[in-house]
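Here is how the chains run, residue by residue.
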Amino acid sequence: MFKPDWKQILFLCLISIPNSLFTFGILFIINSIVTGKNIFISADLDKLFFVIIALSFGLNLFFQRKIVGFTFNLIYENEIRIFQSLRQTSLKQLETIGPERIYGIVEDVRLFAYMPGFLSATLSALMSLIICLTYYFILSVKAALVVILLIGFLVLLYVFINKRLFQRVLSLRSMNDAYFKVVDDAIKGFKELKMNTIKSHNLFEHFLGRNRREVRDLETGIGNRYLALNLFSQYGLYLMMGIILFILPAVHLLQQKEVIPFVVLLLFIIGPVSTLLGLQNYYTRAFVANGRIATFLEEMKNLPLNEIVHEPLTALSEVSALRFENITYHYESRIGDSTFHLGPVDLNITKGETIFIIGGNGSGKSTFINCLTGLYKPTGGRIFLNDQEVGNDDQYYRNHMTAIFTDNHLFSRNYDNYSLEGNKKYERLLKVMKLDNVVADDREESARRKFSKGQSKRMAMIFALMEDAPVLVLDEWAADQDPYFRKYFYEKLLPELKKQGKTIIAVTHDDAYFKYADRVIKFDYGKIVRDIQVNEKPLETETLWEL
Ligand SMILES: Nc1ncnc2c1ncn2[C@@H]1O[C@H](COP(=O)(O)OP(=O)(O)OP(=O)(O)O)[C@@H](O)[C@H]1O
């Protein structure tokens, strides 16, 4: 997922070389003075020392800034990539993925926010290590090989243990996904939980509590292992020190006079080695996060994401006719689901019609609405807009419609291209929807306050009508309205919108008002079982509900 910019990485590695050389220069001078060795640049050693410090400081500043820029670019570009693929995903895919997975992935991305510091520490530590090892070789090849062997052993041990910890970290992240699901229940079902002690107890104790306890135990286990590894490597280095101080000179692999620079170098190596080993915990988590993000993006890519997202200003055409030919849709079966099949649906809708969609619970009205609005891609059949088949360009088709769903959402901000302030149409619609006494003024904040359910649906209607799309789709819009406003909606508002040329398709159970429709279409078991032209014969609403 995190597409690395190799040029940038190479550039960072290149800067880290002189950077580490300067650091090494500082060490070299200190080492020479401490050991009393005569070195070739002894003349102006003091000046050289301060020049190197100044150069090292400047280069380090540049290096760190580059790393910060590089990693934050990486994070935010990839974050945008995730939301870009989310934008391109279909409703069906979103329902399949589940919101908790998306929260988890966003959390995975945030892990990379720690990367600048860690990456800079890793590169510096690696370079210092390489330089020290090279210096070791200059001092004594045999002794250097012993040191490398010991470091190699530590690295192998790390790789071996890390492999096992990788699986644990992976399951930790999956448990976090499950956690988000329960948190969602705890927040969205807050009222229900407050009303029911058993439910609340079970959710908090057996699901949320258990999840957190399991995560705590797993985290503690992982933390303990990394701690043991770090201690092991720290003491391993002390052990190496003992070998250099006592064993290598005894077996004549190291001369006594070489011991001090070796020890000084080893002391210098302890820093980078501990840094590298200590960072393993982070890198394992980062690799797991990276893998999860890669899988997520891959899944998104494998799903049909071929929708073309049009610029918002693409001109819409008049909708003189919508035609559905043999439209079918079925939900994929998951464990415990019995699959529902919609269709085949054949339907012609002409401009200006007011169509009521009726049917019992689970008869497929909302599924049909999702196909009609282009949110679900039908599994079979064809849709025509003005005799033009709608192909893959679902977005263009969708732009001709505005819909208010049963679970309508009022946005917290204005994402439209118009402003509400001083907007005459908005002021008029507030009056039409009888909200002019509720919404104090035309400021954005006033339109985005907390409304009652019925008021929120009326506000949604205002925003829908501001869009001015030719087709208006409503899913049980009037269900939350009081009797007065419901009557006003069916008797005044709908005829007025019809007069303006709007095509209205509304799911409703309000049989007292069926007479205000041009057509009433009844669904049963996913099929159209009645399609009545209201003006042609009197409606017998009682018989309409019969199976
Ligand atoms: N995302 C989904 N995955 C699987 N099955 C689903 C999904 N959404 C709906 N269904 C099933 O499809 C069938 C039709 O549901 P739909 O929501 O279209 O009915 P409806 O006529 O709108 O019902 P209601 O009047 O209760 O709103 C139901 O059996 C439902 O369980």
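Scoring rules and cut-offs
- Residues numbered from 1 in each chain as written.
- Predicted model: local features only at pLDDT ≥ 70, side-chain atom pairs only at ≥ 80, totals over all residues.
- Heavy atoms only, no water.
- UniProt positions renumbered as here; feature names shortened; annotations may be inferred.
- Helix = DSSP H or I, 4+ residues; strand = E, 2+ residues; numbered from the N terminus.
- Rg over C-alpha atoms; globule rule 2.2 N^0.38 Å.
- Buried < 20%, exposed > 50% of the residue type's maximum accessible area, 1.4 Å probe, protein only.
- Salt bridge = Lys/Arg side-chain N within 4 Å of Asp/Glu carboxyl O.
- Phe/Tyr/Trp six-rings, centres within 6.5 Å; stacked < 30°, edge-to-face > 60°.
- Lys NZ or Arg CZ within 6 Å of the ring centre and 35° of its normal.
- Near = heavy atom within 4 Å.
- Polar contact = N/O pair within 3.5 Å; in protein donor to acceptor, adjacent residues only side chain to side chain.
- Areas by Shrake-Rupley, 256 points an atom, 1.4 Å probe, with all protein chains shown as cover.
- Nonpolar A, V, L, I, M, F, W, Y, C, P; charged D, E, K, R; others polar.
- Pairing = 2+ DSSP bridges.
- Axes fitted to C-alpha atoms, helices over the stretch in contact; angles between N-to-C directions.
- Parallel < 35°, antiparallel > 145°, perpendicular 65-115°, else oblique.
- Left-handed = near helix turned anticlockwise from the far one by under 90°.
- Contact = heavy atoms within 4.5 Å.
- Domains from an automatic or database assignment.
- Expected span 1.5 Å × (residues − 1).
- pLDDT = per-residue confidence, 0-100.

Under the annotation held in an unreviewed UniProt entry, the protein chain carries the name ATP-binding cassette domain-containing protein and is attributed to Chitinophaga sancti. We quote the UniProt Subcellular location (unreviewed entry) comment for the protein chain here in full: "Cell membrane".

> Help me understand the overall build of the protein chain, please; the structure alone is not making it clear to me.
Summing up its helical and strand segments, the protein chain has 17 helices and 10 strands in all. For the protein chain, whose C-alpha radius of gyration is 34 Å, the value lies well above the compact-globule estimate of 24 Å for 547 residues. Overall, the protein chain is about 115 × 50 × 45 Å in size when its C-alpha atoms are taken along their principal axes. Taken over 547 residues, the protein chain has a buried fraction of 43%.

> When you look at the pattern of salt bridges in this model, what are you seeing that I'm missing?
Opposite charge on two side chains permits them to pair, given that their charged atoms come into close proximity. If you walk through the whole model with that rule in mind, you get 24 salt bridges. E353 is paired through a salt bridge with R519; the nearest N and O atoms lie 3.2 Å apart. Highlighted residues: E353 in the loop between β2 (341-350) and β3 (354-359) and R519 in strand β9 (residues 519-524), separated in sequence by 166 residues. Side by side, E353 and R519 carry an identical accessibility label, which is buried. The residue E444 makes a salt bridge to R448 at a minimum N-O spacing of 3.0 Å. A network of salt bridges, in which partner residues are shared, links R323, E325, R382, D387 and E389.

> Is there a simple way to explain the packing of aromatic side chains in this structure?
One pair of aromatic rings is described through two measures. These are the centre distance and the angle between the planes. Within this structure, the stated rule accounts for 21 aromatic pairs. Aromatic side chains F49 and F50 sit 5.6 Å apart centroid to centroid with 80 degrees between the ring planes, which places their arrangement in the edge-to-face category. Among the aromatic residues, those joined into a ring-pair cluster are F356, W477, F485, Y488, F489, Y490, Y513, F514 and Y516. The ring of Y179 carries the charged tip of R212 above its face, separated from the ring centre by 3.5 Å. A cation over a ring is seen here: K434 above Y488, with NZ or CZ 4.3 Å from the ring centre.

> Help me understand the site of the ligand, please; the structure alone is not making it clear to me.
Around the ligand sit E95, Y331, F340, G360, N361, G362, S363, G364, K365, S366, T367 and E476, and that is every residue in its neighbourhood. Taking E95, its side chain carries an N or O atom lying 3.4 Å from a nitrogen atom of the ligand. Interatomic distance of 2.8 Å between a side-chain N/O atom of S366 and an oxygen atom of the ligand. Contact with the protein chains hides 66% of the accessible area of the ligand, taken as 630 Å² for the molecule alone. For the shell around the ligand, the leading source of residues is helix α11 (residues 365-372), giving three residues. The residue makeup of the shell around the ligand, split by class, is two nonpolar, seven polar and three charged.

> Explain the sheet that holds strand β4 (residues 380-385) here, please?
Note: strands within a sheet are paired through backbone hydrogen bonds, in either parallel or antiparallel orientation. The four strands lie next to each other as β2-β1-β4-β5, forming an open sheet whose pairing is antiparallel. Each edge of the sheet is formed by a strand with only one pairing partner; in this case those strands are β2 and β5 (388-389). Looking at chain direction, strand β1 (residues 321-330) and β2 are connected through seven bridges and run antiparallel. Bridge pairing links R323 to N348 in β2.

> Hey, could you run me through the packing of helix α8 (residues 197-250) against helix α9 (residues 259-278) in this one?
Two quantities define a packed helix pair, namely the angle between the helix axes and the distance between the axes. Where α8 meets α9, the closest approach of the two axes is 10 Å, and the angle between their N-to-C directions is 165 degrees. Of the possible angle classes, the one that applies to α8 and α9 is roughly antiparallel. Handedness of the crossing formed by α8 with α9: right-handed. For the pair α8 and α9, contact is made by N230, S233, L237, Y238, M240, M241, I244, L245 and P249 and by V259, F262, V263, L266, L267, I270, V273, L277 and G278, respectively.

> Which parts of the structure should I look at to understand the domain arrangement of the protein chain?
Interface size is commonly expressed as the accessible surface area that is lost when the partners come together. Splitting the protein chain by domain gives domain 1 (6-302) and domain 2 (321-544). Using C-alpha coordinates to define each centre, domain 1 is positioned 54 Å away from domain 2.

> How should the environment of V473 be read in this particular structure?
In this structure, V473 sits in strand β7 (residues 471-475). A sequence separation of 231 residues divides V473 from G242, and the C-alpha atoms of the two residues are 80 Å apart. Residues within four places of V473 in sequence aside, it is in contact with I369, L372, T373, M401, T402, A403, I404 and I505.

> Can you help me understand α9 in this one?
One turn of an α-helix holds 3.6 residues; hence residues three or four places apart share an orientation. A rise of 1.5 Å per residue sets the reference length of α9, with its 20 residues, at 28 Å; its end C-alpha atoms lie 28 Å apart and thus fit the reference within 8%. All of the buried residues in α9 are V259, P261, F262, V263, L265, L266, I269, I270, P272, V273, L276 and L277.

> Sorry if this is basic, but what is going on with the pairing of strand β8 (residues 503-507) here?
For a regular strand, the rule is simple: side chains alternate between the two faces of the sheet. Burial within β8 is extensive, with five of its five residues counted as buried. Side chains T503, I505 and V507 project from β8 onto one buried face, and the interleaved I504 and A506 project onto a second face that is buried too. Bridging between β3 and β8 involves four bridges; their strand directions are parallel. The residue bridging F356 from the neighbouring strand is A506, located in β8.

> Sorry, what's going on with the UniProt feature "transmembrane region" (unreviewed entry) in the protein chain here?
In the UniProt entry, the feature "transmembrane region" (unreviewed entry) is given for residues 9-33, 45-63, 111-137, 143-161, 235-254 and 260-279. Split by type, residues 235-254 is 80% helix and 0% strand. Its first and last C-alpha atoms lie 22 Å apart. Helix and strand shares over residues 260-279 are 95% and 0% respectively, and the end C-alpha atoms of the span are 29 Å apart.

> What's the story with the sheet that holds β8 in this structure? I'm lost.
With mixed pairing, six strands are arranged side by side in an open sheet as β6-β7-β8-β3-β9-β10. Each of the sheet's edge strands pairs with one partner strand only, and the pair in question is β6 (401-404) and β10 (527-533). Averaged over all adjacent pairs, the angle separating strand axes in this sheet is 15 degrees, with direction ignored. When β7 meets β8, the two strands line up parallel, connected through five bridges. Directly across from V471, in β8, lies its bridge partner T503. Of the strands in this sheet, β3, β7 and β8 are in contact with helix α16 (residues 483-499), which crosses β3 at around 130 degrees.

> Before we go on, may I ask you to explain the confidence of the model for the protein chain in this structure?
Atom-level detail of predicted coordinates should not be read off regions where pLDDT is low. Looking at the protein chain, pLDDT values average 82 and 90% of them are 70 or higher. Of all helices and strands in the protein chain, the one with the weakest mean pLDDT is helix α17 (residues 541-544) (62), whereas β8 scores best (95).

> Looking at this structure, I do not really get unusual backbone geometry. What am I missing?
Comment: phi is negative for the bulk of residues other than glycine, and the bulk of peptide bonds are trans. A positive phi angle is found at D387, which is not glycine, with a value near 70 degrees. The residue D387 is located in the loop between β4 and β5 in this model. In this model, D468 sits at a positive phi of 65 degrees, which is unusual for a non-glycine residue. Within the element layout of this structure, D468 appears in the loop between α15 (453-467) and β7.

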